[in-house]
Amino acid sequence: MTLNMALLALVVAVASGSLAPLANAHLHHEAHEQIHFGQAAVAGQTWMEKYGPQIDQTFSGPLSFSHLPYFRCLNEEEVDFDIAILGMPFDTAVTYRPGARFGPYAIRSGSRRQRDLRAYTLSWGNNPYALGHKIIDCGDVPVSPFDNALAVDQMEVAYSTLLARPPTRGQDSVPVTRFIAKDGKEHPRIVSLGGDHTIVLPILRSLFKVYGPISVIHFDAHLDTWGYYPGSDTAQSRITHGTFFYVAQEEGLLANNSIHAGIRCKLGGIEDLANDATVGFQVISTDDIDDLGIPAIVRKIRQRIGDSPVYLSLDIDVIDPGLAPATGTPEAGGWTTRELKRILRGLAGLNFVGADIVEVAPAYDNAEITGIAAADFVHDFLSMLLTKEPPKKPSHWDVTKADNE
């Protein structure tokens, strides 16, 4: 019998109902093989009575960073915190690929496997959520996607509103920011999720009101200290994700001891570096990690910043695009996620007043690798903000010791 004849015979059998007894027998068998968990259900038994609380699994539930409590903090003025996660979905000042308005979503999505009860890391030697500080997700600033001047003002007002919120730990707690704030008061700190890098200008404007001129540790493939692009004929068109530091320096927001790390972009010429120095930055290039090593880079950053109030801004394009492709202006030859994580650990104990991660544009991602990396950097930020010194390597990690030492 040919294949076609066999198929025809099967169709005829189904149509005539001759296979029905077999199907019914199979269903009858399945009915007797079903497994019931526990005793027979009690009439009216609820989920809580049988299974307990409705928990969110790593892949389920409302989307907040690491499943943290989520509040609309700009509305809910009674909500307090020590550290807030705040989204700034702004991307209308980019010079190449847009899409970073979806960065806050992508970073939160990348954090789904993280949670406060399972957050201890070997590298830090702590769980940042167990260090006595209240950490929450404050949602996103509802920025205008149509008017950049309006959006920048919205971000500044939002950041200033939260920065003025009394921290959960109160004014009588061990000082974190009180001794560097102009008003002598303790202020909460904010980890911002961008958005394109322009979000740092309204953030610096807000921080300046509290702390005065700010030093910046800037991880990026690009300088972002350029002057105005040709055709910038209005005050707002001068502000882009490549010029915001130049504008901040014009406004007196920056101290003169900031530093870049991971620079590898194409330049107009050596004059770009001369301009960069006038904005107050020193440069650590991408290649310096090979020539100097991670410990030397950490020392250089710490020596440059000293005891100044310092803000950390991390553009995801500092990472090689092979490891973090989802960004608007990718540059080949970047650092690895592991290298940058080690540098971040070396910066703990500086006088951080806030941090951000920007330029995550998930439309260009593959299997969420950029969002996952960005979320892990935010986890590092939390430990970095809440510890007084870099973690020490446990003695049992010393591979130079014999097993019996």
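(A) Structural context of unusual backbone geometry. Of note, the amide linkage connecting Gly194 to Gly195 takes the cis form, showing an omega dihedral of 15°. Checked against the element boundaries, Gly195 lands in the loop between strand E3 (189-194) and helix H6 (200-211). Even without glycine at this site, Asp224 takes up a positive phi of about 60°. Within the secondary structure layout, Asp224 lies in the loop between strand E4 (215-219) and helix H7 (244-250). Phi at Glu359 is positive, roughly 70°, even though this residue is not glycine. In this fold, Glu359 is placed in the loop between strand E8 (352-358) and helix H12 (369-386).

(B) Broad picture of empty space enclosed by the protein. A full pass over the atoms with the stated rule returns one cavity of 30 Å³ or more. Of the voids in this model, the largest cavity is the one considered here, and its volume is about 80 Å³. Along its surface, the largest cavity is lined by eleven residues, and Asp82, His133, Val176, Glu186 and His187 are the ones closest to its centre. By residue class, the composition of the lining of the largest cavity is four nonpolar, three polar and four charged.

Cut-offs used in this document
Residues numbered from 1 in each chain as written. Predicted model: local features only at pLDDT ≥ 70, side-chain atom pairs only at ≥ 80, totals over all residues. Heavy atoms only, no water. Helix = DSSP H or I, 4+ residues; strand = E, 2+ residues; numbered from the N terminus. 1 Å grid on protein atoms, 1.4 Å probe; cavity = no way out; pocket = protein on both sides within 12 Å on 5 of 7 lines; lining within 4 Å. Points joined across faces, edges and corners; volume = space filled by probe spheres on them. Nonpolar A, V, L, I, M, F, W, Y, C, P; charged D, E, K, R; others polar.

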